[in-house]
Each structure stands twice: as structure tokens, then as C-alpha cells.
Amino acid sequence: MGPHPAVAAIRLAVRRVLHDVLTEHTRSAEHTRRTPHPEFAEAGAGRQRAALPERPDTPLVLVACSGGADSMALASALAFEAPKLAVRAGGITVDHGLQDGSDTRAAEVVDRLTDMCLDPVESVAVQVGHDGGPEAAARDARYAALDAAAERHGAAAVLLGHTRDDQAETVLLGLARGSGIRSLSGMAAASGPAGRYRRPFLQLDRQTARKACLVQSLPVWDDPHNIDPAYTRSRLRHEGLPALEKALGKGVVEALARTAQLSRDDADALDTWAAEADRAVRDDAGRLECAKLYALPPAVRRRVLRRAAMEAGSPAGSLFARHIEEVDRLITGWRGQRAINLPGRVEAMRQGGRLVIRQS
């Protein structure tokens, strides 16, 4: 008799991701062996092999675990599947310090991951700032800690327990912000530097992960912030989505997750088009020509403008659609406007048929 269907589902999802990580690691290792190091380009092959550091035979994959049902299910599946694929598996828990006893909770998670025979396992305490609100600040601190841990341990990937429900919530939050198709594309299955972050559960619902923990007798921690109406995502989870399902019927979560994938495909295609168009709309000095920008489809033109603003120093997280729309009017509705001020002390102005975007 095989495992419970919920357990089988989470293991299969993790197995697929581990196969991808292992394949990428093998290709990278082969490329490293075939490519001479610049410092030893004129040396013999034997000398090169002796001088270059050895690359581990098996990649290390870490699981980011809060102790909640999603990440505990993910950790259990990683612990089961990794040895079968000759992948090393470890775990990281981040102590945000936002609740009393958070250090105790982090220590308990470390014990549970250690009991699963994961290694290395560690708890990382962070200081959460205030930029962007409490949810964004906690997320920024968490990812900074995970990035540092991945670098410290030389991890090939970090697994995150985001589910299809989380994806649906992310799409709705993006829709509410009116941030465009990229925001509607939700979370990618792989993101971060060199695809470091992997999300195996984006096609699985939250109940599957919780059921997998239940049938495996895995203790889970329910974060009180997840039911606190002070947080936007919590209100959406417990009020917004249930209201949508009541009004529209079941299947809203699945439809939103499907929208995310379709939007991501479209956004990727438009970004590629914009990257190619960026080179075609510049003069010999590299300046943006307004007439050529005007001829582009609006979706492509605004992506070119956003890229230019970011290259000039405007932070991506502070550069909103309204900023790009104002810059776009310098192209499509030129009436002699003054320079447009953008985040990061960047300004955009029209001069002699050219669009100049630079530090002010």
C-alpha cells in the first residue's frame, strides 16, 4: 500500500524540483570542468585541475521552514526524496522577532528539521525594519537572511512552501494595486539569483499540505499573524477569497492561479520584445528617440521607459505605474511639460526630440 494521496502529491512535487536542480548542477559542473580558469588559461590541464577548487559531487538544497503546515510538509518531502536522488538536504528557519517566544519557536523548528535528518540546519534571527509596511519589511528581512544562508552554505536552491492558495492571493493583491500584467503573474516557480528560490507547491492547495502533515503526525505551528485582520493578506485570505467563492462558486483559486501562469507567459514575451526594442529606439549616442518610442505599442514602450528609469537609478520597488504613465506623456502628449521627478532622485525630460532620463 502506497503513501496517503496528500503525501504522494507533495513528494512528487518536490521530486520534480530536485530533478531540475540536479540536472542544472550537473550541467554547471561539466561546464566548469570544460572551461579553463582565466588565471590558468596558459597552464596545462593537469595544473588547472589541481589549482581550481573541487565542486561538491552533490548539490545542497535548503528548505525555508517556519514551522507552519506548508513548510513542514515541504521539509518532510525533501527529507524523503533527497537521499534517493543523492541530493544533500538542509533547513533554515528565520526568527523575525515580532512575537513573544519567537526564539523558542525557532529552536523547536530546528529540532524538528534535525529529527528529519536534514543537515545543515540553523535558525537565523533578523531585525525587521519599517520600509513598505510590516508585511513587506518582514519579507525583505526574510529573503535577505535566506540569501545569506544560501551563500554561506553554498546551496544550489532554497525551497519555499508557497501553495496555489498563496498564488491566488498574490494575484488579487496585484490586481488591487493596478500594477499591470507582471504583478498579475504572481510568484514564479523559480526566482531569485540564478533561480535560487523554488516553489514546488504552486500547483497544490493549502489543504493538501496540511493533510500531509496530519497523516504523518507532523506538529505544525499556526502563525497568529495569518489570522490577524491588521494584515492585508490575512483579510484577503479569510474574508476576500471566501466572499469571491460565495459569489462566483468554487474554482476561484484555481482560476486565479491559472491567470498567474498565463500572465507570466505574456509578461515574459513583452519583456523580451522591450529588450529588443530598447536597442532600436536609440540614436548613435545611445539616447532615446521620441519619434521611435512613439511608434512602439504602448505596452512595449512603457517597458522600455521603465528599464531606462531603473538604469538611471530609480528603485524598482518604488517605481509605480503612475510614474511611467507620466513619463509616457512626454512621448504621446508632449505640451512642453517640465521634467518628471521619479523615485531615486531621477528625472525624465524631453530635449530636442530625445528623452533624457538621468539623476537630478
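Conventions used here
- Residues numbered from 1 in each chain as written.
- Predicted model: local features only at pLDDT ≥ 70, side-chain atom pairs only at ≥ 80, totals over all residues.
- Heavy atoms only, no water.
- Helix = DSSP H or I, 4+ residues; strand = E, 2+ residues; numbered from the N terminus.
- Buried < 20%, exposed > 50% of the residue type's maximum accessible area, 1.4 Å probe, protein only.
- Areas by Shrake-Rupley, 256 points an atom, 1.4 Å probe, with all protein chains shown as cover.
- Lys, Arg positive; Asp, Glu negative; His and termini not counted.
- Charge placed at Lys NZ, Arg CZ, Asp CG, Glu CD.
- Pairing = 2+ DSSP bridges.
- Contact = heavy atoms within 4.5 Å.
- Axes fitted to C-alpha atoms, helices over the stretch in contact; angles between N-to-C directions.
- Phe/Tyr/Trp six-rings, centres within 6.5 Å; stacked < 30°, edge-to-face > 60°.
- Lys NZ or Arg CZ within 6 Å of the ring centre and 35° of its normal.
- pLDDT = per-residue confidence, 0-100.
- Salt bridge = Lys/Arg side-chain N within 4 Å of Asp/Glu carboxyl O.
- Parallel < 35°, antiparallel > 145°, perpendicular 65-115°, else oblique.
- Left-handed = near helix turned anticlockwise from the far one by under 90°.

S.K.: Can you walk me through the overall build of the protein chain in this structure?
M.R.: For the protein chain, the count of helices and strands is 13 helices and 10 strands. Taking the principal axes of the C-alpha coordinates as reference, the protein chain spans close to 70 × 70 × 40 Å. Across the 360 residues that make up the protein chain, the buried fraction comes to 43%. Of the roughly 19400 Å² of accessible surface on the protein chain, 52% is carried by carbon and sulfur atoms. Across the protein chain, the centroid of the 49 positively charged side chains sits 5 Å from that of the 46 negatively charged ones.

S.K.: What exactly am I supposed to notice about the sheet that holds strand E10 (residues 354–359) here?
M.R.: What holds strands together in a sheet is hydrogen bonding between their backbones, with the strands either parallel or antiparallel. Within the open sheet, the 4 strands sit side by side as E7-E10-E9-E8. Their pairing is antiparallel. The sheet is open, and its two edges are formed by strand E7 (288–289) and strand E8 (340–342), each paired on a single side. Inspection of the sheet shows strand E9 (residues 346–351) paired to E10 by 6 bridges, in the antiparallel sense. Within E10, the residue paired with Val346 across the bridge is Gln359.

S.K.: Looking at this structure, how should I read the sheet that holds strand E3 (residues 121–125)?
M.R.: The strand order across the open sheet built from 6 strands is E3-E2-E1-E4-E6-E5, with neighbouring strands paired in mixed fashion. Strands at the two margins of the open sheet, each flanked by one partner only, are E3 and strand E5 (190–191). Here E5 runs beside strand E6 (residues 197–198); their pairing, made up of 2 bridges, is antiparallel. Bridge pairing in E6 places Ser191 opposite Tyr197. Sheet strands touched by helix H3 (residues 69–81): strand E1 (60–64), strand E2 (88–95) and strand E4 (157–159). Its angle to E1, the strand with the most contacts, is close to 160°.

S.K.: Sorry if this is basic, but what is going on with the packing of aromatic side chains here?
M.R.: How two aromatic rings sit relative to each other is set out by the distance from centre to centre and by the angle between their planes. Using the criterion set out here, one finds 1 aromatic pair in the structure. Taking the centre distance of 5.1 Å and the plane angle of 90° together, the rings of Tyr143 and Tyr197 count as edge-to-face. You can see Tyr143 sitting in helix H5 (residues 134–153) and its partner Tyr197 sitting in strand E6, a full 54 residues away along the chain. In this arrangement the basic side chain of Arg11 is found over the ring face of Phe80, its NZ or CZ atom lying 3.5 Å from the centre. Across the ring face of Trp221, the terminal group of Arg105 is positioned such that the distance to the ring centre comes to 5.1 Å.

S.K.: What should I look at first to understand the confidence of the model for the protein chain in this one?
M.R.: Low-confidence regions, as indicated by low pLDDT, have predicted coordinates that should not be scrutinised in detail. Per-residue pLDDT for the protein chain has a mean of 89; in total, 93% of the residues score no lower than 70. Note that residues 42–55 has pLDDT below 50 and, in this model, 12 contacts with residues that lie over four places away or in other chains.

S.K.: Explain the pattern of salt bridges to me, please; I cannot follow it from the model alone.
M.R.: Close approach of charged atoms lets side chains of opposite charge pair. One pass over the structure, following the stated rule, counts 26 salt bridges. We note a salt bridge from Glu254 to Arg164, for which the minimum N-O separation is 3.6 Å. Residue Glu254 is located in helix H10 (residues 252–280), and its partner Arg164 is located in helix H6 (residues 164–177); the two are separated by 90 residues in the primary sequence. You can call Glu254 partly exposed: its relative accessible area is 33%. Here Arg210 makes a salt bridge to Asp222, at a shortest N to O gap of 2.8 Å.

S.K.: What should I look at first to understand the packing of H10 against helix H12 (residues 298–311) in this one?
M.R.: Two measures define how a pair of helices packs: the angle their axes make with one another and the distance between the axes. For the pair H10 and H12, interaxial distance at closest approach is 9 Å and the crossing angle is 70°. Taken together, the axes of H10 and H12 lie roughly perpendicular to each other. Judged by the twist between their axes, the crossing of H10 over H12 is right-handed. For the pair H10 and H12, the contacting residues are Ala267, Leu270, Asp271, Trp273, Ala274, Ala275, Ala277 and Asp278 in the first and Ala299, Val300, Arg303, Val304 and Arg307 in the second.

S.K.: Which parts of the structure should I look at to understand the pairing of E9?
M.R.: Within a regular strand, the side chains alternate between the two sheet faces. Across 3 bridges, E8 lies against E9 in antiparallel orientation. Considered in E9, the bridge of Asn341 is made with Glu347. Linking E8 to E9, which pair antiparallel, is a turn of 3 residues; within it Gly344 sits at a positive phi near 80°. Hairpin remark: E9 followed by E10, antiparallel, with 2 residues in the connecting loop; positive phi at Gly352, about 55°.

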